[in-house]
Amino acid sequence: MCAAVSNWATLLEEQAEKLGDKPFLYLVYADRYVSYREMNENANRAANFFLKLGARPGDGVATLMGNSPEFLDVFFGIQKIGMYVVPVNTSLRGDSLAYIIDNSDAKFLVVDHDLVDLYRSVQAELPQVKRVLVNTREAPPGFNVPGDLADWGDAYGPGVSPEAPGMDIDPDSLLLLMYTSGTTGLPKGVVSRYNKNIVDRIRPLAAFMLTPDSVYFTALALFHGNALFITTTQSLIAGCTVALSKKFSASRFWEQVYRSKATIFNTIGAIIPILLKQPESPYEKMHRVKTVLSAGCPADMWEQFEKRFGVTLWEGYGAVDGSGTLMNLGNAPKGSVGKPLLSDIRLVDDEGKDVPVGQPGELLFRVPPDKKSNVEYYKNPDATSRKTRGEWEYTGDLLYRDAEGYLYFVGRKTDSMRRRGENVSAFEVEKAILKHPAVLECAVYGVPSELTEDEIMASVRVVEGMKLDPAELWAFLQDKLAKFAVPRYIRIVDDFPRTETFRVKKHELKAIGVTDDTFDAERRS
């Protein structure tokens with residue numbers, strides 16, 4: 001491997017050499033540690049096993065895997081031999097699942113034993129996948145790998161070397177394809193290359209946020225940038241420990257945080273109201289967490305979250321398909337995403353003109369002169385050219401700036417609705433709905449009007465054990481929103497179609513539209 005190439009695998013090798021038996025992973029669900037040395041040796045095994053299977057530099061490997069050390073073995077291992085990896089969202093089904101694997105051109109697929117049937121459901125649509133390997137390391141006794149598939153467990157057998165393969169790598173080659181969530185349409189594969197990835201950009205943040213003694217808890221999915229980039233990459237840089245849970249559990253969250261001895265974790269906006277509306281737990285004040293890094297914390301819940309759980313909340317803004325970062329590290333008003341970190345920005349209207357203070361505009365980041373941070377979408381030059389125009393990268397997010405220059409998130413540009421001649425932010429309507437004590441989660445979106453523009457619809461999940469009449473919620477909102485922003489339609493739902501990062505797939509809700517059980521404020525009795 002060329003030492004000049006900066007990537008996750010070279011960083012792991014450096015840390016394994018320096019830190020040896022220090023825990024890199026604590027597996028919360030198994031009460032087991034994985035050291036830096038073991039992690040590196042298993043990554044070497046993964047690399048050497050792929051070579052035995054006939055893999056070559058430039059080949060792609062898709063992973064259909066939950067949180068586990070084996071996911072990271074594949075992720076680190078392929079980088080030692082110049083392959084690229086495609087982490088796939090395990091909640092996808094049907095055409096959405098087949099599209100990503102097929103679009104990525106992956107020749108290999110590693111799938112967890114309990115997701116084999118999911119692979120089978122789209123197998124016929126994936127002719128380019130030549131070898132499928134089943135992760136059996138957590139399989140129950142008696143599980144047998146189907147005859148046409150291979151056992152990933154063989155990578156850890158006596159015939160596979162734990163030594164580094166020592167291959168030279170083309171620095172311009174693909175390293176990683178991270179697909180966008182596809183909440184508004186087909187997902188796009190965001191390209192990372194061996195000479196153009198996020199590792200070095202994360203170093204300053206890791207130096208500020210973490211120490212070698214930090215324990216970084218995550219219950220978010222490794223196939224998403226939050227857990228893979230912010231938690232895992234920062235921890236690797238800092239030489240500290242990742243406390244890895246299988247998945248988010250609201251009822252067991254603080255117990256897991258406490259038992260893992262975590263000192264920091266990340267959250268996203270949807271999780272904060274869920275945790276606040278849980279019954280009190282003895283563990284929520286027994287933990288060692290000092291700092292929580294949030295993305296999208298509702299402003300009116302910020303102080304409540306800090307006081308109840310005894311933590312300091314920091315707010316960050318970033319995206320898998322973005323090169324800029326905004327941070328509020330306690331140096332900006334609560335509710336603000338702070339100011340840019342090492343980036344020039346603009347807020348512009350639909351005509352590309354800068355908006356005045358207090359007015360929402362689309363956030364643009366200036367592209368660095370060396371273009372190393374320029375966003376590239378796999379096999380999608382049109383989307384790539386739309387993303388970066390001239391020296392500016394368009395985020396698709398609406399923010400406004402106050403008189404002191406602090407920035408505030410308003411919502412996705414595609415999440416904005418127009419009703420009665422007024423623009424309405426779904427994000428602002430959702431914040432108002434969440435003030436109701438019986439509302440656990442909500443999603444607001446536009447549906448067709450009998451006239452023109454949009455009618456506003458809200459789908460709502462109710463706190464377990466409570467009841468909510470949609471008419472009561474409609475009345476509750478009358479003094480909290482402008483009249484034109486109060487949803488006409490309200491529907492109570494058991495759950496939402498969502499990604500594994502808890503983002504609601506609003507395009508699916510829009511497709512369902514107004515149902516027979518939807519409350520209509522204009523037809524209320």
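None of the values given here were measured: they were computed from a predicted structure. (Residues numbered from 1 in each chain as written. Predicted model: local features only at pLDDT ≥ 70, side-chain atom pairs only at ≥ 80, totals over all residues. Heavy atoms only, no water.)

Engineer: Outline the overall build of the protein chain, listing residues and values.
Structural biologist: A count of helices and strands for the protein chain gives 14 helices and 27 strands. A globule of 525 residues ought to have a C-alpha radius of gyration of about 24 Å, and the protein chain, at 23 Å, matches this closely. Taken along the three principal axes of its C-alpha coordinates, the protein chain extends 75 × 55 × 50 Å. Here the protein chain, with 525 residues, has 58% of them falling under the buried criterion. About 22,500 Å² of surface is accessible on the protein chain, with carbon and sulfur atoms providing 49% of the total. (Helix = DSSP H or I, 4+ residues; strand = E, 2+ residues; numbered from the N terminus. Rg over C-alpha atoms; globule rule 2.2 N^0.38 Å. Buried < 20%, exposed > 50% of the residue type's maximum accessible area, 1.4 Å probe, protein only. Areas by Shrake-Rupley, 256 points an atom, 1.4 Å probe, with all protein chains shown as cover.)

Engineer: Got a sec to walk through the packing of aromatic side chains? Specific residues and values, please.
Structural biologist: Following the criterion strictly, the structure yields 22 aromatic pairs and no others. Taking 5.7 Å as the distance between ring centres and 75 degrees as the angle between the ring planes, the aromatic pair formed by Trp254 and Phe265 counts as edge-to-face. Linking Trp254 in helix H8 (residues 253–259) with Phe265 in strand E12 (residues 264–268), this pair joins segments that are 11 residues apart in sequence. Among the residues examined, Phe265 registers a relative accessible area of 1% and is labelled buried. Ring centres of Phe409 and Phe427 lie 5.2 Å apart, and the angle between their planes is 90 degrees; on these two criteria the pair is classed as edge-to-face. Placement of the pair is Phe409 in strand E21 (residues 407–412) and Phe427 in helix H12 (residues 426–433), with a sequence separation of 18 residues. Each member of the aromatic cluster is reached from another via a ring pair, and the members are Phe217, Phe248, Phe253, Trp254, Phe265, Phe305 and Phe309. Sitting above the plane of the Tyr156 ring, Arg137 keeps its charged end 3.8 Å from the centroid. For Lys246, the ring lying beneath its charged end belongs to Tyr29, and the centroid distance is 4.6 Å. (Phe/Tyr/Trp six-rings, centres within 6.5 Å; stacked < 30°, edge-to-face > 60°. Lys NZ or Arg CZ within 6 Å of the ring centre and 35° of its normal.)

Engineer: Could you give an account of the nonpolar core, with specific residues and numbers?
Structural biologist: Where a protein is soluble and globular, its nonpolar side chains tend to be buried together. The biggest cluster of nonpolar side chains holds 113 residues, and the ones touching the most others in it are Trp8, Phe50, Phe76, Trp152, Phe305 and Ile433. Counting residues per element, this core draws most heavily on helix H2 (residues 36–52), at 7 residues. What Trp152 contacts, discounting residues up to four positions off in sequence, is Ala46, Phe49, Phe50, Glu70, Val74, Val110, Leu133, Val134 and Asn135. Ranked by size, the runner-up nonpolar core spans 28 residues in total, among them Leu92, Ala98, Val122 and Leu149. (Core = buried A, V, L, I, M, F, W, Y, C linked by side-chain atoms within 4.5 Å. Contact = heavy atoms within 4.5 Å.)

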